[in-house]
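Results of the structural survey
Listed here are the chains, written in short residue letters.
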2 protein chains.
Amino acid sequence: MSADAPFATDSAAAGSVATPYLRLDLGRVQASIDAMAARARTLGVTLRPHAKTHKSVRVARQQLAAGAVGLTVATVAEAEVFAAGGCTDLFIAYPLWVDAAKARRIAAVRAQARVAIGVDSTASLDAMSAHGIRPEVVVEVDSGHHRSGVAPEAAGSIGRYAADAGFVVRGAFTFPGHSYNPATRASAALDEARALAAAAESLAGQGLSAQVRSGGSTPSAQFAVGNAGGSTGGGLTELRPGVYVFGDAQQVELGTCELEDVALTVVATVVSHAGGRVLLDAGSKVLGADRAAWASGYGRLMEAPEARIVALSEHHATVDWPGGRLPQLGSRVLVVPNHVCNTVNLADAYVVGEGPQIWPVDARGRNS
Amino acid sequence: MSADAPFATDSAAAGSVATPYLRLDLGRVQASIDAMAARARTLGVTLRPHAKTHKSVRVARQQLAAGAVGLTVATVAEAEVFAAGGCTDLFIAYPLWVDAAKARRIAAVRAQARVAIGVDSTASLDAMSAHGIRPEVVVEVDSGHHRSGVAPEAAGSIGRYAADAGFVVRGAFTFPGHSYNPATRASAALDEARALAAAAESLAGQGLSAQVRSGGSTPSAQFAVGNAGGSTGGGLTELRPGVYVFGDAQQVELGTCELEDVALTVVATVVSHAGGRVLLDAGSKVLGADRAAWASGYGRLMEAPEARIVALSEHHATVDWPGGRLPQLGSRVLVVPNHVCNTVNLADAYVVGEGPQIWPVDARGRNS
């Protein structure tokens, strides 16, 4: 193989930024935001995007401007960032364990925004009560991912316990995480709808209305069952996808987007041709080490759809690059990471556009 | 299983820090630093620990105080941090691609510290020359990991090219990354010694002396071949292990340390017992997603040696917890991550001791 193929991927200005760095294509971001907003309208559901993917107040504002009713977050620290950034409707989709310090922080966020919190145990409700907070709650149910969440049939007893303790019960939510598999995307969406319908029925049995039946992930959104029925039947009332806003190599392989739809890439430099290999300066400390069992590698190359990252160290990506021409030493390439949420969480900033602008990853590392 | 086993893992003061967070046990850090320093003395080699593991100026100072001759780093940005922190001898063990901006940054670091840089191509030497820098270089050779590095027999031609271009050639280095496998730790150390001897011979054939023959990784250090011979034969002159300073679950499974030697843990809270599972609030955004093919899980629990993290999401760890008693909801446990280098790079700070003190992760995210 000859090593003479240039890959011009950046303007002169962006080209002065040291690699590896995160490059954000705002046109693609807006297209993805608009497409998911349209999908939610078609389904007759509200859209509450998960902000853990982008961790960016600016991107969140684009989602809200396109009609999202609010944001989903995973942690109190993320809620703090987005409330400070002006979002007034937050759902912490996580079975928080609340101690005195966390109760004070949640109270402070509630002074800025409407806040609901996920629950899957009476003990977590007791902990919130003991520390003097009674936010709106949404009961988490397990639709087949087998992570957090009670069985749908148990939603009513948790909801009744919450209501008796003075909490407002908004409804039920689930994360159909088993949609992260090319073989089960559609069936996971059906599981999600069934679990939320069963949870709503269980809540109704306790005299509680599931105003919100919240589901959704990027892989299941295409197959989601919308809000055709009433409050105790039918489908979802709310979608909470996250990754769609940027896309990644996992989503390409799951079939939710094409490579050319992916908005977030890691700009990397070819640093070695040792042994005839193509080695990039983007390793697991910038891409993340995610690799699902069904993934074809540790990431892809935007300009070379057949190429795969076949080995990953902290600062090296080894690329299997089929075809005749290797990218030159010193040339820059665009890496499509496997799982963009973890990629974003490794970086302090996005490099945006050709100017370029530097946007902070506002909620980077806000895990607690 | 009953859910009534308390696990008291932290003092009241540290207990007020929100989970998940990184907890550093300084006694264990010092013990590991002393043990590797003793190992290097026994081998008759110098020790140049890789600072990419801890990214901490304070920890680096402990290593230098224990006799390390300098530090190894992976990036120019790491070199900047440790030079600013007072380290005066740095080896960037990476085949850098140097453009104008990077050349200026390297020159600035060289004003503060002695700096050597890895090379595995004549093109990278040309790039440095073109931008007006000629640091000391060390030729990288491949000892079997098949990442960067030329064949040992090719070291001489790279070295000759460098010397003719005005670079001082310090010697050769390799990373025996194939030591990260329980089955090949010892053989990788032999490969390393053979490759460095062959590289030294190749350099000698070009009239160049391999003053430094640098190898080493934490898994191979126990089997490393020391400096018994002369400058063109024998074993290593320098070791560059990184992970030993903290240890992690990979090292426990590789057999380089015991669980109770691991100095860096992630303090996590049990947030859910849904489905009889134990779910922690430490996911891939704090632990990292590393999992080698031979690893028994995504991490371990310090207090429960039989337990394994069997699934990992961004903010959830699902633990398989054998035995009768699950840790209570709301209790805190110490997670031993698989690969501590990536764990540290996700955090802004260490929580140290029982006060506790907060130490910055000085070089977090310094990938370029």
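Since this is a predicted model, take the numbers as computed values, not measurements. (Residues numbered from 1 in each chain as written. Chains lettered and ligands numbered in written order. Predicted model: local features only at pLDDT ≥ 70, side-chain atom pairs only at ≥ 80, totals over all residues.)

Let us now look at the overall build of chain A. Along its length, chain A carries 11 helices and 19 strands. Considered along the principal axes of its C-alpha atoms, chain A spans approximately 70 × 40 × 35 Å. Across the 368 residues of chain A, 60% fall into the buried class. (Helix = DSSP H or I, 4+ residues; strand = E, 2+ residues; numbered from the N terminus. Buried ≥ 20, exposed ≤ 12 C-beta atoms within 10 Å, placed from the backbone.)

A separate point is the pairing of strand S7 (residues 136-140) of chain A. Residue and element names in this part refer to chain A. In terms of burial, S7 is largely enclosed, as 4 of its 5 residues are buried. Bridge analysis of strand S6 (residues 114-119) against S7 gives 4 bridges, and the strand direction is parallel. Directly across from Ala116, in S7, lies its bridge partner Glu136. Between S6 and its parallel partner S7, the chain crosses via helix H5 (residues 122-130), and the hand of that crossover is right-handed. Pairing between S7 and strand S8 (residues 169-173): 4 bridges, direction parallel. Along S8, the bridge assignment pairs Val139 with Ala172. Traced from S7 through helix H6 (residues 155-164) to S8, the parallel crossover comes out right-handed. (Pairing = 2+ DSSP bridges. Right-handed = clockwise from strand over helix to strand, strands pointing away.)

Backbone torsion omega between A:Thr19 and A:Pro20 reads -5°, so that peptide bond is classified as cis. Non-glycine residue B:Lys55 carries a positive phi angle of around 55°. Note that B:Lys55 resides in the loop between strand S3 (46-47) and helix H2 (57-65). With a phi angle near 60°, B:His146 is a residue other than glycine that sits in the positive phi range. Judged by local crowding, B:His146 falls into the partly exposed class, with 14 C-beta atoms found within 10 Å.

Moving on, we come to the relation of the copies chain A and chain B. A rotation about an axis combined with a shift along that same axis relates the two copies of the chain. When chain A is brought onto chain B, the operation consists of a screw motion whose angular component is 180° and whose axial shift is 0.0 Å, with 0.0 Å RMSD remaining. One copy is carried onto the other by what is essentially a two-fold rotation axis. Across chain A, the smallest distance between a C-alpha and the rotation axis is recorded for A:Ala289, namely 2.6 Å. Here 100% of the interface residues in chain A have copies in chain B that are interface residues too; the copies meet face to matching face. (Least-squares fit on C-alpha atoms with pLDDT ≥ 70 in both. Contact = placed C-beta atoms within 7 Å.)

Next up on the list: the sheet that holds S3(B). Pairing is parallel across the open sheet formed by 8 strands, whose spatial order is S3-S10-S9-S8-S7-S6-S5-S4 (chain B). Looking along the sheet, the strands with just one partner apiece sit at the ends: S3 and strand S4 (71-73) of chain B.

So, about helix H7 (residues 185-205) of chain B. In an α-helix there are 3.6 residues to a turn, and that puts residues three or four apart on one side. With 21 residues, H7(B) extends 30 Å between its outermost C-alpha atoms, agreeing within 8% with the 30 Å of an ideal straight helix rising 1.5 Å per residue. Of the residues trailing H7(B), B:Gly207 is marked for its positive phi of about 75°. (Expected span 1.5 Å × (residues − 1).)

A word on the environment of B:Gly144. Residues and elements named next belong to chain B. Its place among the elements puts Gly144 in the loop between strand S7 (136-140) and helix H6 (155-164). On the basis of neighbour count, Gly144 is assigned to the buried category, with 20 C-beta atoms found within 10 Å. Taking the C-alpha atoms as reference points, Gly144 and Thr174, 30 residues apart in sequence, are found 9.3 Å from one another. Every residue in contact with Gly144, bar those within four places of it in the chain, is listed here: Pro176, His178, Ala188 and Asp191.

This paragraph deals with the domain arrangement of chain A. Residue and element names in this part refer to chain A. By the assigned domains, chain A splits into domain 1 (2-24 + 263-360) and domain 2 (27-245). Distance from the C-alpha centre of domain 1 to the C-alpha centre of domain 2: 33 Å. Contacts between the two partners involve 9 residues from domain 1, matched on the other side by 14 residues from domain 2. Looking at which element gives the most residues to the side of domain 1 that touches domain 2, the answer is helix H11 (residues 340-344), with 3 residues. Residues that form the side of domain 1 that touches domain 2 fall into these classes: 8 nonpolar, 1 polar and no charged. (Domains from an automatic or database assignment. Nonpolar A, V, L, I, M, F, W, Y, C, P; charged D, E, K, R; others polar.)

Turning our attention to the interface of chain A and chain B. Size of an interface: often given as the accessible area lost when the parts come together. With 53 residues of chain A in contact, the opposing surface of chain B contributes 53 residues. Secondary structure elements with two or more residues in the side of chain A that touches chain B: strand S5 (89-95), helix H4 (100-110), H5, strand S11 (264-272), helix H10 (284-287) and H11 of chain A.

Moving on, we get to the packing of helix H1 (residues 26-43) of chain B against H2(B). All names here are of chain B. Packing of H1 against H2 leaves a shortest axis separation of 9 Å and a crossing angle of 40°. Judged on the interaxial angle alone, H2 and H1 are oblique. Judged by the sense of rotation from one axis to the other, the crossing of H1 with H2 is right-handed. Seen from H1, the contacting residues are Val29, Gln30 and Ile33; seen from H2, they are Val59, Gln62 and Gln63. Tallied by class, the residues present in the contact of H1 with H2 amount to 3 nonpolar, 3 polar and no charged. (Axes fitted to C-alpha atoms, helices over the stretch in contact; angles between N-to-C directions. Parallel < 35°, antiparallel > 145°, perpendicular 65-115°, else oblique. Left-handed = near helix turned anticlockwise from the far one by under 90°.)

A few words on the pairing of strand S15 (residues 317-320) of chain A. Residues and elements named next belong to chain A. Alignment of strand S12 (residues 278-280) against S15, held across 3 bridges, turns out to be antiparallel. By the bridge assignment for S15, Leu279 is matched with Thr318. Across 4 bridges, strand S14 (residues 308-312) lies against S15 in antiparallel orientation. Paired with Leu312 across the two strands is Ala317, which belongs to S15. Hairpin geometry of S14 and S15 is characterised by an intervening segment of 4 residues between the two adjacent antiparallel strands.

Right, let's talk about the sheet that holds strand S3 (residues 46-47) of chain A for a bit. Residue and element names in this part refer to chain A. Read from one edge of the open sheet, 8 strands run S3-S10-S9-S8-S7-S6-S5-S4, paired in parallel fashion. One side of each edge strand has no neighbouring strand; the edge strands of this open sheet are S3 and strand S4 (71-73). Relative to strand S10 (residues 238-239), strand S9 (residues 212-215) runs parallel, the two being bridged by 2 bridges. Looking at S10, one finds that Gly215 is bridged to Leu239. Of the strands in this sheet, S4, S5 and S6 are in contact with helix H3 (residues 76-84), which crosses S5 at around 170°.

This part covers the packing of H6(B) against H7(B). All names here are of chain B. Across the interface, H6 lies against H7 with an axial gap of 7 Å and an inter-helix angle of 45°. As the angle between them shows, H6 and H7 are arranged oblique. When the axes of H6 and H7 are compared, the crossing they make is right-handed. Here H6 contributes Ala155, Gly156 and Gly159 to the contact with H7, which in turn contributes Ala199, Ser202, Leu203 and Gly205.

Quick look at the environment of B:Glu260 now. Residues and elements named next belong to chain B. Residue position: Glu260 is located in the loop between helix H9 (249-254) and strand S11 (264-272). Of the residues examined, Glu260 has 10 C-beta atoms within 10 Å and is grouped as exposed. It is 18 Å that separates the C-alpha atoms of Glu260 and Val351, two residues lying 91 residues apart in sequence.

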